[in-house]
Amino acid sequence: MPYCCRTNAAGACITMVLWIAYDAVIPALPSIATEFGASSSITNLVLFPFLLAMALGQLVSGTLSDRFGRKPAFVASYVLYAVGSLACALAPTVEVFVCARVLQGLGAGGASSVGMAVVKDAFAAERRGAVLGIMQVLFVIGPVVAPLLGAGIIGLFGWRAS
């Protein structure tokens, strides 16, 4: 597969990961509240800190990718996202779960920031607009598909899999 096609596919996946990470957990909120014995207002904290951390992750990883290169920043972002996801799946309390969502948000934001930079680096100006347009369409579709995907995952494997 040519480099530009791999970059395009990677950019699309990065864009979808953001909203899948954020919205796939929404159908699980009642189950999370029940399992942890927490109120719905506490379980709603699963969403807001993720968004704040995602914004911070974009700021930090963008700067780091400019300084140390795209690949190390991208890999570090996805490792952080994976560690946060594993911590979410194994969280013994709602507080640990919320902290793990912060790690997920940092990683997802970092991957998004670096992913956009990679697209800008990999494509000529006349092709870049089309690729970024595809990524933006997926960015809009992600919040629609993610809760459905999350509900399917929860139905098959339980809320911790989401």
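Relevant structure appears above.
Residues numbered from 1 in each chain as written. Predicted model: local features only at pLDDT ≥ 70, side-chain atom pairs only at ≥ 80, totals over all residues. Heavy atoms only, no water.

Caption draft 1: Quick look at the overall build of the protein. Helix and strand content of the protein: 7 helices and 0 strands. Ordered by position from the N terminus, the helices and strands of the protein form the series α-α-α-α-α-α-α. Scaling as 2.2 N^0.38, a compact globule of 162 residues should have a C-alpha radius of gyration of about 15 Å, and the protein matches this with 16 Å. Seen through its C-alpha atoms, the protein measures out along the principal axes to roughly 55 × 30 × 25 Å. When the 162 residues of the protein are sorted by exposure, 40% land in the buried category. (Helix = DSSP H or I, 4+ residues; strand = E, 2+ residues; numbered from the N terminus. Rg over C-alpha atoms; globule rule 2.2 N^0.38 Å. Buried < 20%, exposed > 50% of the residue type's maximum accessible area, 1.4 Å probe, protein only.)

Caption draft 2: Broad picture of the nonpolar core. Counting 25 residues, the largest nonpolar core has Val25, Ile32, Phe36 and Phe97 as the members making the most contacts within it. Of all elements in the fold, only α1 (3-23), α2 (29-36), α4 (48-68), α5 (70-90) and α6 (94-122) reach the threshold of two or more residues within this core. Leaving out residues up to four positions away in the same chain, Ile32 has contacts with Val25, Thr43, Phe97 and Trp159. Val119, Val131, Leu132 and Met135 belong to the second-largest nonpolar core, a separate cluster that totals 5 residues. (Core = buried A, V, L, I, M, F, W, Y, C linked by side-chain atoms within 4.5 Å. Contact = heavy atoms within 4.5 Å.)

Caption draft 3: Structural detail: the packing of α4 against α6. Contact pair α4 / α6: the axes reach a minimum separation of 6 Å and the direction vectors enclose 40°. Overall, the two elements α4 and α6 adopt an arrangement that is oblique. Crossing angle aside, the handedness with which α4 passes α6 is right-handed. Across from Pro49, Phe50, Ala53, Met54, Leu56, Gly57, Gln58, Ser61, Gly62 and Ser65 in α4, the residues of α6 making contact are Val98, Arg101, Val102, Gln104, Gly105, Leu106, Ala108, Gly109, Gly110, Ser112, Ser113 and Val114. Of the residues assigned to the contact of α4 with α6, the class counts are 10 nonpolar, 11 polar and 1 charged. (Axes fitted to C-alpha atoms, helices over the stretch in contact; angles between N-to-C directions. Parallel < 35°, antiparallel > 145°, perpendicular 65-115°, else oblique. Left-handed = near helix turned anticlockwise from the far one by under 90°. Nonpolar A, V, L, I, M, F, W, Y, C, P; charged D, E, K, R; others polar.)

Caption draft 4: Summary view of the side chain of Ser61. Following the sequence through the fold, Ser61 ends up in helix α4. Engagement of the side chain of Ser61 in a polar contact is seen with the backbone oxygen of Gly57, the distance being 2.8 Å. When sequence neighbours within four positions are dropped, the list of residues in contact with Ser61 reads Ala73, Ser77, Gly109, Gly110, Ser113 and Val114. (Polar contact = N/O pair within 3.5 Å; in protein donor to acceptor, adjacent residues only side chain to side chain.)

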